[in-house]
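Chain and residue survey
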Amino acid sequence: MRSATAHNSRRAFLMNAGAAGAAALTGVTRALADPAQYVDLGFANGRRRLVTDFPQKGTMLLLRTRPPLLETPFDAFDRNVFTPNSNFYVRWHLANIPTSIDPSEFRLMVHGHVRKAISLSLNDLVNGFPSIQIAAVNQCSGNSRGYFAPRVAGGEWGNGAMGNAIWRGVRLSDVLARAAVMPGALQVRFRGLDAGALPQTPLFMKSLALDHASDGEVMIAYEMNGQPLPLLNGFPIRLVVPGWYATYWIKMLSDIEVLDHADDNFWMSKAYLIPNTSGTNMTPGQKDVAMVPINRMVPRSFITNPRDGTTVQRGAPLQVRGIAFGGDTGIARVLLSIDDGRTWEETRLGANHGKYSFRLWEMTTRFAARGSRALMCRAVNSSGLAQPTIPNWNPGGFMRNVVESVPVRVV
Ligand SMILES: Nc1nc2c(c(=O)[nH]1)N[C@H]1C(S)=C(S)[C@@H](COP(=O)(O)O)O[C@H]1N2
Ligand SMILES: [Mo]
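The text that follows walks through the structure, step by step, so that each part is easy to find. As the structure is a computational prediction, the values presented were derived from the model and not from experiment. (Residues numbered from 1 in each chain as written. Chains lettered and ligands numbered in written order. Predicted model: local features only at pLDDT ≥ 70, side-chain atom pairs only at ≥ 80, totals over all residues. Heavy atoms only, no water.)

To continue, consider the overall build of the chain. When its secondary structure is counted, the chain shows five helices and 26 strands. Taken against the 2.2 N^0.38 rule, which gives 22 Å for 411 residues, the C-alpha radius of gyration of the chain at 22 Å falls within 12% of a compact globule. Along the longest, intermediate and shortest principal axes, the C-alpha atoms of the chain span 70 × 50 × 45 Å. A buried classification covers 55% of the 411 residues belonging to the chain. Summed over its atoms, the accessible surface of the chain is roughly 17100 Å², and 50% of this surface lies on carbon and sulfur atoms. (Helix = DSSP H or I, 4+ residues; strand = E, 2+ residues; numbered from the N terminus. Rg over C-alpha atoms; globule rule 2.2 N^0.38 Å. Buried < 20%, exposed > 50% of the residue type's maximum accessible area, 1.4 Å probe, protein only. Areas by Shrake-Rupley, 256 points an atom, 1.4 Å probe, with all protein chains shown as cover.)

This is the structure in structure tokens:
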């Protein structure tokens, strides 16, 4: 139970947080002090400028200015089980994003197939419902799309369109209960305050099945790593759908509509569809593949140190470390191979922050022979699902989760 004082200070905390300087959102972006700095992501057209002038953001890789696509510099994942808000990636679809939000004016509407439509202020949300906290990975469906071969259309991300945070907020189920969902409800549709440049541009809306929306884990978050959400990550509130791809994690959430039918809006019926095949895999040009809305995440792991191309001494102890996540369930094991996948050794897992969180891992190994070698890591989740050793392919460039490998030079 929180005290009245805690309520008040919580409220004050959110209320003072609405106005991010948002010059960069209008389309003008300065580079870092000259000369501009770049990162090469290792695929064609993968050279990204480092920028520092987006509101509430530190150094980010610039993929697009308006609407902003900003990738997390990969170093941010090394030893950080939680991704700093200032480095958390940013992805928006529509060009008109509010550049400031008045927290005292903000309202969340809950309507549709409910007994009583409600309009909630931030104060209502923060102080009128029990708060919960959950550590969860937010990963774009197209994270790592730049590595797809053959190449596909879409945001050409490296591996930094993901992040892990502690989200605090209220259960969506509690908010739905307040509005009293009526029998016959099927789905719940979410949208935020962003809109397209043209009035005919479809609003960005995503829907979840009512059962999923009511599971007590799906939440409306007003805090990220103990702070109000950065504007670009959805201030003042966003949906958090633990274990599911971030496309459902609607930012600047302003409207919840309970539907008595299946949502067929553009973003559910035409976009974010994956082949309903094993491993979300198909061959380019393949016809008659059943497509379904993207949903649960799959396991991934990454080596955060050493980085590509590092020179290591033969026979010397080499500490290898990284991050992993299980997707829609926890991590069971992370394995390391230094012989191109012939043998695998179990790494040591770091603290468990819950099944939807990143988990750090590390192990010390040594190379016996000189030459061009590789480190490979492979996560197995607690449902027994392991990362594939062959990359999947689909036309959307979604759900890449192949075993990663880091080349090193042993001398
Ligand atoms: N309102 C709104 N919410 C949105 C989007 C959007 O375009 N508008 N994009 C979604 C997608 S596809 C992703 S990957 C995540 C990105 O979350 P982030 O910018 O906080 O990292 O936001 C999701 N929520
Ligand atoms: Mo995304």
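Another point: helix α3 (residues 172–179). Where α3 is concerned, the buried positions are L172, S173, V175, L176 and A179. Taken down its axis, α3 places every buried residue within 160 degrees of arc, on the same side. The first or second residue beyond α3 is A180, which carries a positive phi of 60 degrees. (Arc of directions from axis to C-beta.)

This part takes up the packing of aromatic side chains. Counted by the stated rule, this structure contains 13 aromatic pairs. Their ring planes at 90 degrees and their centres at 5.0 Å tell us that F43 and Y147 sit as a pair that is edge-to-face. Of the two residues, F43 sits in the loop between β1 (38–40) and β2 (47–51) while Y147 sits in the loop between β8 (131–139) and β9 (162–171), which places them 104 residues apart along the sequence. Ring geometry for F77 against F358: centres 5.9 Å apart, planes inclined by 80 degrees, an arrangement best described as edge-to-face. Placement of F77 in the loop between β4 (69–71) and β5 (90–91) and of F358 in the loop between β23 (348–349) and β24 (359–365) is noted, with a sequence separation of 281 residues between them. Residues F77 and F358 agree in their burial class; the two are buried. (Phe/Tyr/Trp six-rings, centres within 6.5 Å; stacked < 30°, edge-to-face > 60°.)

On to empty space enclosed by the protein. Within this structure, the stated rule accounts for one cavity of 30 Å³ or more. Considering only enclosed or pocket space, the largest cavity measures out at about 250 Å³ in volume. Residue lining of the largest cavity: 19 residues in total, with R91, R238, A246, W249 and K251 positioned closest to the centre. Of the residues contributing to the lining of the largest cavity, the split by class is nine nonpolar, six polar and four charged. (1 Å grid on protein atoms, 1.4 Å probe; cavity = no way out; pocket = protein on both sides within 12 Å on 5 of 7 lines; lining within 4 Å. Points joined across faces, edges and corners; volume = space filled by probe spheres on them. Nonpolar A, V, L, I, M, F, W, Y, C, P; charged D, E, K, R; others polar.)

Looking now at the pairing of strand β10 (residues 187–192). Within β10, five of the six residues are buried, which leaves it mostly tucked inside the rest of the structure. The sheet contact formed by β10 and strand β11 (residues 205–209) spans five bridges and is antiparallel. Among the inter-strand pairings, F190 is bridged to a residue of β11, identified as K206. As paired strands, β10 and strand β15 (residues 253–259) are joined by six bridges and run antiparallel to one another. In the sheet register, R189 faces β15, and the bridge partner there is E257. (Pairing = 2+ DSSP bridges.)

By secondary structure assignment, the location of I101 is in the loop between β5 and β6 (107–112). Counting along the chain gives 36 residues from I101 to V137, while the straight-line C-alpha distance between them is 26 Å.

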